[in-house]
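Here are the chains, one letter per residue:
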Amino acid sequence: MVEFNGWEMPVEYPSAGGIIAEHNAVRTAVGIFDVSHMGDIRLAGAEALAAVEHISMNDASRLAVGQAQYSALLYPQGTFVDDVIVHRLGQDEYLLVINAGTREKDFSWVRDHTRDFDCKAENLSDDFTQIAIQGPKAVELLQKLTDAALSAVKFYWVTRGTVCGLKNILIARTGYTGEDGFEIYIPSDERTSAMVWNQVLQAGRDLGVVPCGLGARNTLRLEAKLALYGHEISDTINVWEAALDRFCKMEKPEFVGRDALEKAKAVGIRRTLIGLEMVERGIARDGYKVLDEGDAEIGYVTSGSYAPFLKKNIALAYVPPRFAEVGTIIKIEIRNQAVRAQVVPTPFYKRPKKV
Amino acid sequence: MPYPTDFKYTKEHEWIRADGKNATVGITNYAQESLGDIVFVELPKVGSEIVAGKTFGSVESVKAVSDLYAPASGVVAEVNAELSTAPEKINKDAHSAWLIKIALKNAAELNSLLSAQDYEKFVSEEAGK
């Protein structure tokens with residue numbers, strides 16, 4: 001167990017075979033994660049949409065009831081308070097799912113910046129145990145435990161149904177692994193949480209379900225190039241640098257951070273997020289320096305690891321845009337040695353389209 | 001997994017087995033268990049010198065990087081090349097998947113290392129922390 005933002009969490013489940021086995025189970029079958037550390041903020045009221053539009057960079061007005069979107073809360077300077085998934089649960093009701101490490105900060109931020117709107121912000125983080133069921137067999141597994149018609153739920157949509165005998169459970173077809181899958185939100189009391197966890201494991205036994213820890217969660221999201229707060233995004237990195245343009249709707253007339261982003265766009269970026277693959281032997285790790293071919297420092301690694309499914313050593317890094325072209329050779333400083341790597345297209349892994 | 005009694009151990013979780021003036025070095029089963037899936041091993045070149053207590057390479061699992069500390073001083077005579085393509089062999093059997101063989105500089109250095117019994121006691125305390 002490790003301490004993760006105040007939560008005791010397993011890095012891996014050795015009995016399940018460890019990180020590589022967990023990771024590959026999610027890519028090829030199904031894995032489950034206890035992601036109760038994620039925070040939940042409910043915004044409801046007549047002006048809930050206007051409030052969400054004001055505090056987030058994506059366009060929540062495009063959401064139908066039951067639909068979700070990836071978005072972010074920004075500081076006025078266009079950098080990240082956090083990234084979030086915005087779910088539209090009702091006509092005037094939204095659920096923002098946020099990161100563990102930024103829970104209190106996010107809630108204060110949301111509350112303070114929605115005061116002028118006719119809506120109420122509630123921190124529901126402690127009300128839910130959140131379990132992620134991820135992988136190509138996730139739908140088959142969860143369908144055994146619910147009356148909700150899961151195949152009718154599209155990616156980034158939600159539904160409600162009875163799960164393990166618990167009524168009216170929120171089921172979202174979302175995740176942080178690059179695979180198809182669901183995240184369910186159940187009451188957070190220990191008895192209910194344990195009952196659901198065990199029933200999911202039991203129901204998935206013949207499908208090869210594996211419990212997965214933080215280690216696999218990290219390698220899975222890295223292969224899929226999903227940002228992690230404090231790594232690819234932070235309060236000093238802006239939206240353009242992080243290359244999250246497609247989730248930032250500048251055609252919205254107003255949101256916190258918009259003005260700064262408009263200026264930043266005109267000025268141009270000094271660094272950009274790239275994907276790289278090691279050419280020589282070595283693993284680029286978080287925080288390692290990126291060097292040019294002449295060994296001059298040009299940037300840093302935000303996340304790096306052995307990629308268990310791709311069986312390659314991959315990393316994400318910030319470098320000046322002139323080094324961002326696919327095929328560019330750069331170097332990573334690993335224990336005082338400059339080790340060659342190459343800029344590659346991202347995401348590193350994309351799940352196969354269903355036939 | 002039992003800790004062989006003809007090995008000596010370090011508190012940094014390396015093992016060493018001496019055979020006269022030569023010795024074989026690896027990491028312990030406790031080390032491989034704590035590291036998890038090992039995916040990369042960096043070892044010194046044949047002919048290079050290693051010094052007791054100093055780092056001589058590193059081993060990386062998916063989740064962590066760990067330095068290797070020399071249990072004794074000597075000159076590297078052989079490197080287990082198999083580990084560069086199959087580092088997971090350490091996970092399978094840490095006490096037979098050796099890292100390097102060295103010509104010992106001073107075999108008496110091994111006297112200050114832990115016996116199997118002492119090491120087992122040491123790791124049970126470590127694990128309880």
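Residues numbered from 1 in each chain as written. Chains lettered and ligands numbered in written order. Predicted model: local features only at pLDDT ≥ 70, side-chain atom pairs only at ≥ 80, totals over all residues.

## Here's the deal with the overall build of chain B
Item 1. A count of helices and strands for chain B gives 4 helices and 9 strands.
Item 2. When the helices and strands of chain B are listed from N to C terminus, the series reads β-β-β-α-β-β-β-β-β-α-α-β-α.
Item 3. Computed over C-alpha atoms, the radius of gyration of chain B comes to 13 Å, within 12% of the 14 Å expected from 2.2 N^0.38 for 129 residues, which places it in the range of a compact globule.
Item 4. Every one of the 129 residues in chain B was classed for burial, and the buried ones make up 42%.
Item 5. Considering only contacts in chain B between residues 6 or more positions apart, those separated by 24 or more positions represent 63%. (Helix = DSSP H or I, 4+ residues; strand = E, 2+ residues; numbered from the N terminus. Rg over C-alpha atoms; globule rule 2.2 N^0.38 Å. Buried ≥ 20, exposed ≤ 12 C-beta atoms within 10 Å, placed from the backbone. Contact = placed C-beta atoms within 7 Å.)

## As for the environment of Pro347(A)
Residue and element names in this part refer to chain A.
Item 1. Within the secondary structure, Pro-347 sits in the segment after strand 19 (337-344).
Item 2. Using a count of 14 C-beta atoms within 10 Å as the deciding quantity, one classes Pro-347 as partly exposed.
Item 3. Expressed as a C-alpha distance, the spacing of Pro-347 and Ala-60, which sit 287 residues apart in the sequence, is 25 Å.
Item 4. Each residue touching Pro-347, except ones within four places of it in the same chain, is listed here: Gly-178, Ala-224 and Lys-225.

## Things to note about the interface of chain B and chain A
Item 1. With 9 residues of chain B in contact, the opposing surface of chain A contributes 13 residues.
Item 2. Every element with two or more residues in the side of chain B that touches chain A is listed here: strand 4 (38-42) and strand 6 (55-61) of chain B.

## Looking at the sheet that holds strand 18 (residues 329-334) of chain A
Residue and element names in this part refer to chain A.
Item 1. Strands sit in the order 14-17-16-15-18-19 around a closed barrel of 6 strands; the barrel is antiparallel. Between one strand axis and the next, the sheet turns by 45° as a mean value, whatever way the strands run.
Item 2. Against the sheet, helix 6 (residues 214-223) engages strand 16 (297-307) and strand 17 (312-319), with an angle of about 120° to strand 16. (Pairing = 2+ DSSP bridges. Axes fitted to C-alpha atoms, helices over the stretch in contact; angles between N-to-C directions.)

## Structural notes on unusual backbone geometry
Residues and elements named next belong to chain A.
Item 1. Backbone torsion omega between Thr-346 and Pro-347 reads 0°, so that peptide bond is classified as cis.
Item 2. Not every positive phi belongs to a glycine, and Asp-295 is a case in point at roughly 70°.
Item 3. Within the secondary structure, Asp-295 sits in the loop between strand 15 (289-291) and strand 16.
Item 4. Exposure remark for Asp-295: the 11 C-beta atoms within 10 Å place this residue in the exposed category.

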